[in-house]
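# Fold and contact review
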Amino acid sequence: MILIDTHVCIWWIQESTDIPKDVKTKIKSAQKRNNIFISSISIWEIAMLIKYNRLTLTVPLSEWIKKLESVPYFKFIPVDNAIAEHSVNLPGEFHKDPADRIIVATSRIHNIPLITSDEKILNYPYVKTIWK
């Protein structure tokens with residue numbers, strides 16, 4: 001089981017070369033077992049990226065989301081009350097970005113390693129991450 005950060009989700013779908021080979025191997029392994037998790041907050045982040053012209057999709061967002069939801073190896077974890085509360089009370093020092101806080105809280109609550117290239121998250125000692 002793995003949880004993928006928003007940018008990793010986008011890169012995976014776009015077949016980007018930004019994902020290191022070892023990380024791709026871990027994702028492919030989880031894909032075979034239908035065990036790739038995504039926080040629902042990632043959809044919010046993607047919508048914001050589109051709104052502010054930082055991401056362009058070839059189809060409308062609602063259609064893109066439906067396609068993503070239909071992929072059998074992707075499973076969405078909604079932001080529930082436990083995740084919301086934990087995101088505000090993460091241990092130690094962590095930056096204020098609400099989406100990152102929710103993704104980290106999701107990883108911690110569900111005890112799923114997080115695949116991310118985000119240096120702020122990689123440097124946070126209270127979450128298990130995978131990158132390089």
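Please refer to the structure placed before this passage.
These numbers come from a predicted model, not from an experiment.

Rules used in this analysis
- Residues numbered from 1 in each chain as written.
- Predicted model: local features only at pLDDT ≥ 70, side-chain atom pairs only at ≥ 80, totals over all residues.
- Heavy atoms only, no water.
- Axes fitted to C-alpha atoms, helices over the stretch in contact; angles between N-to-C directions.
- Helix = DSSP H or I, 4+ residues; strand = E, 2+ residues; numbered from the N terminus.
- Parallel < 35°, antiparallel > 145°, perpendicular 65-115°, else oblique.
- Left-handed = near helix turned anticlockwise from the far one by under 90°.
- Contact = heavy atoms within 4.5 Å.
- Nonpolar A, V, L, I, M, F, W, Y, C, P; charged D, E, K, R; others polar.
- 1 Å grid on protein atoms, 1.4 Å probe; cavity = no way out; pocket = protein on both sides within 12 Å on 5 of 7 lines; lining within 4 Å.
- Points joined across faces, edges and corners; volume = space filled by probe spheres on them.
- Phe/Tyr/Trp six-rings, centres within 6.5 Å; stacked < 30°, edge-to-face > 60°.
- Salt bridge = Lys/Arg side-chain N within 4 Å of Asp/Glu carboxyl O.

Before going further, it helps to examine the packing of helix α3 (residues 41–51) against helix α6 (residues 98–110). It is the contact of α3 with α6, at a shortest axis distance of 10 Å, that shows an interaxial angle of 155°. In this view, α3 runs roughly antiparallel relative to α6, as classed from their interaxial angle. Considering only the axes of α3 and α6, their crossing is left-handed. Contact with α3, carried on its side by Ile41, Ser42, Trp44 and Glu45, involves Ala99, Asp100, Ile102 and Ile103 of α6 and no other residues of that element. Per-class residue counts for the contact of α3 with α6 are five nonpolar, one polar and two charged.

Of the pockets and cavities examined, the largest pocket occupies roughly 330 Å³. What lines the largest pocket is a set of 14 residues, among which Thr6, His7, Glu45, Leu49 and Arg54 lie closest to the centre. Contributing elements (two or more residues each) for the lining of the largest pocket: α1 (6–13) and α3. Counting residues per element, the lining of the largest pocket draws most heavily on α1, which supplies four residues. Space inside the second largest pocket adds up to approximately 170 Å³. Sorting the residues of the lining of the second largest pocket by element identifies α1 and α4 (61–70) as the ones contributing at least two each. The leading source of residues in the lining of the second largest pocket is α4, at three residues. Within the lining of the second largest pocket, the residues separate by chemical class into seven nonpolar, three polar and one charged.

Let's shift gears to the packing of aromatic side chains. Tallied over the full model, the rule gives four aromatic pairs. Members of the aromatic cluster, joined through ring pairs, are Phe94, Tyr124 and Tyr126.

What follows covers the pattern of salt bridges. Opposite charge on two side chains allows them to pair when their charged atoms are near. In the structure shown here, the tally under the stated rule is one salt bridge. Across the pair Glu63 and Lys67 runs a salt bridge whose closest N-O atoms are separated by 3.7 Å. You can see Glu63 and its partner Lys67 sitting in helix α4, four residues apart, about one turn around the helix.

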